[in-house]
Amino acid sequence: MYFRILIIIIIFLYHSSTFSKTSENQNFNHRYLSNYFSAQVSHENGNNDLAIKYFDSTKSILRSYPNYFDKYIESLVLNGNVGEAINQIKFFRSKNKIDNFQTNLLLTINAFKNNNFDKANMHLSSMNSILIPSSYEEIIYQILKSYNNLFSDKKISEIENYGKLTKILLAFQYCYLKDNKSNKYFAELLNLEEGDYSRYLFFYLNNLINQNEFETVKKVSLKIEPITSTLLILQSKNWIEKSKFENFSKIFSCQSETDILAEIFFLISNLYSAQEDYDMSNFYLRISNYLNPKFKFNLSLAAENYYLANNNIMLKKILKNFDNRDSIYFWYRIKKEFEILKKKEGKEKSLDFLNSKIKNLKIKSPKVYFDLANIYKGFKEYRKSIENFNIALEGINEESESYADILYRRGGSYERMREYEKADKDLLLSLELSPNQPYVLNYLAYSWLERKIKINQSMEMVLNAYQQRSDDPYIIDSVGWAYYLTEDYLMAEKYLKNALLIMPEDPIVNDHYGDVLWKLNMKLQASYYWKVAASSDEADEQLKEIINDKLIFGLNKLQ
């Protein structure tokens, strides 16, 4: 990155030298170089507050260097200052030829914001002349053009065939026109087998509420999964349960041009995020937020982007948008702040933070207790984990898809505490409610194998799990261990070797592989893998003690 910036600076110095010789207005001075460099580095590092500070200090040269100006505009947008970015474009555009996709897009957005569809059409024409064919730019242009026609003519505008994307675009067009076909399109999106389109349940519910179909809304809400649903859908369920139907229209209206466009830009932001282009994702998300700041929940996508990009400064700034009035999203904020603290300070301080926050947490959703249970389980605090799984189970019924999953997870906590009777009961009931689940089959079978009970049944179960998840290293390890316990050491070596190729540092797999090598009379190699297992940070003290005995006595003492 720094090499690239150095090249930019060299080019910059060359052009500045030429410029000073050919222009009476010598607006570049080498004292700007430090701030220019700092602006570029801050921009590249995602520190947009600092980037804007340095850009502002060199504003007098912005219009002479288009690439520099573009970075300035991008930093303003990424920092949430979309209106200021538009003002800067208007100011400099009046004096210089600034004509690229980004500037035309922002000017188009400004026209939409002011309901000036004729001016939007003018900027769209300029955009069309410079966009890259067969790119996201062209798709964005086509979408904006069709919606501009919709807003000005009040009739469905022709949309390119972009597959499922076209269904989404048409759903909002019909919704804008108060046409009942919108419900049909939203329902079709919800029933698609490929991809997750559950977000559009919010807009479907929003539409039903606008039509005063409150009983239908309540019935639909009952089918919402209380654990696995997305944040927006869980927030919607929370509002419906409290009869706060007015909250839907407070954040989105199909009759608002800017609200609809904001949703389109949120969709574009998601496309970039899925490709791990987090800067472009956040750029379009900021435009979405500018068009509809009421829908602040969409900023959770920016939070995820910054989290994945390890930009904790911007992540913390985004999370401040969610407070304790936002229930589900406030819990999301607490979890993210907990995860940041866990990485930085470790278990003790992060758990203290979490415990202090949950004392005053008003929302009592099963999702909260489910998440807490998994956090405690991850820290090996199994008793607290079980307590929270119990509360989560009380909040859902057995018909829920999540019920069997919670039993599986609670059973795992009991198993870790060696309360095997309770563990087996939970795991067997989980399989009864949701048969042939590979991870439940594997966990229960492995537990039995470790206890050296029901070996043949365990073998059938792990092979069943393997048929469904043949690329999962934990299941591969279980198959290998099952063969080991049935004294088929050649087959055991085959599977455990495959598991080791996928997880070369896992202490359990290394330990198992060492055992089978010992049985195959490869004792020197066995010692090597035992040592690897014993030196792992993930190995607990009990495992290390067992391995130390193996290194001294081999498997003879254990037999």
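Our structure's up above, just so we're on the same page.
As the structure is a prediction and not an experimental result, all values here were calculated from the model.

**Considering the overall build of the chain**
Right, on to step 1. Check the secondary structure of the chain and you find 31 helices and 0 strands.
Right, on to step 2. Expressed as a percentage of contacts within the chain between residues at least 6 apart in sequence, the contacts between residues at least 24 apart total 55%.
Right, on to step 3. If you sum the accessible surface of the chain, you get close to 27700 Å²; carbon and sulfur atoms cover 48% of it.

**Here's the deal with the packing of helix α6 (residues 101-113) against helix α16 (residues 278-291)**
Right, on to step 1. The contact between α6 and α16 brings their axes to 11 Å, and the two run at 15 degrees. When the interaxial angle is binned, α6 and α16 end up roughly parallel. Considering only the axes of α6 and α16, their crossing is right-handed. In this structure, α6 uses Phe101, Gln102, Leu105, Leu106, Ile109, Asn110 and Lys113 to contact α16, whose residues at the interface are Phe283, Tyr284, Ile287, Tyr290 and Leu291.
Right, on to step 2. Class assignment of the residues belonging to the contact of α6 with α16 gives a composition of 9 nonpolar, 2 polar and 1 charged.

**As for the layout of surface pockets**
Right, on to step 1. Here the largest pocket is characterised by a volume of approximately 2100 Å³.
Right, on to step 2. Lining the largest pocket are 47 residues, with Glu415, Arg416, Tyr446, Glu450 and Ile508 positioned closest to its centre.
Right, on to step 3. Partitioning the lining of the largest pocket into residue classes produces 18 nonpolar, 9 polar and 20 charged.
Right, on to step 4. If you add up the space inside the second largest pocket, you get close to 850 Å³.
Right, on to step 5. Every residue lining the second largest pocket is counted, 35 residues in all, and those nearest its centre are Ser221, Lys223, Ile224, Glu225 and Ser229.
Right, on to step 6. The element contributing the most residues to the lining of the second largest pocket is helix α13 (residues 231-241), with 6 residues.

**Section: a nonpolar patch on the surface**
Right, on to step 1. Together, Leu551, Ile552 and Phe553 make up a nonpolar patch on the protein surface, roughly 270 Å² of accessible area in all.
Right, on to step 2. Of note, Ile552 is situated in helix α31 (residues 541-553).

**Here's the deal with the packing of aromatic side chains**
Right, on to step 1. Inspection of the entire model under this criterion finds 37 aromatic pairs.
Right, on to step 2. Considering the side-chain rings of Trp239 and Phe248, the 5.4 Å spacing of their centres and the 75 degrees angle between planes classify their relative orientation as edge-to-face. Taken individually, Trp239 and Phe248 each receive the classification buried, so the pair is uniform in this respect.
Right, on to step 3. Its end group placed over the ring of Tyr290, Lys113 keeps NZ or CZ at 4.5 Å from the ring centre.

Calculation criteria
- Residues numbered from 1 in each chain as written.
- Predicted model: local features only at pLDDT ≥ 70, side-chain atom pairs only at ≥ 80, totals over all residues.
- Heavy atoms only, no water.
- Helix = DSSP H or I, 4+ residues; strand = E, 2+ residues; numbered from the N terminus.
- Contact = heavy atoms within 4.5 Å.
- Areas by Shrake-Rupley, 256 points an atom, 1.4 Å probe, with all protein chains shown as cover.
- Axes fitted to C-alpha atoms, helices over the stretch in contact; angles between N-to-C directions.
- Parallel < 35°, antiparallel > 145°, perpendicular 65-115°, else oblique.
- Left-handed = near helix turned anticlockwise from the far one by under 90°.
- Nonpolar A, V, L, I, M, F, W, Y, C, P; charged D, E, K, R; others polar.
- 1 Å grid on protein atoms, 1.4 Å probe; cavity = no way out; pocket = protein on both sides within 12 Å on 5 of 7 lines; lining within 4 Å.
- Points joined across faces, edges and corners; volume = space filled by probe spheres on them.
- Patch = residues over 30% accessible without salt bridge, like charges linked within 9 Å, V, L, I, M, F, W, Y side chains within 5 Å.
- Salt bridge = Lys/Arg side-chain N within 4 Å of Asp/Glu carboxyl O.
- Phe/Tyr/Trp six-rings, centres within 6.5 Å; stacked < 30°, edge-to-face > 60°.
- Buried < 20%, exposed > 50% of the residue type's maximum accessible area, 1.4 Å probe, protein only.
- Lys NZ or Arg CZ within 6 Å of the ring centre and 35° of its normal.

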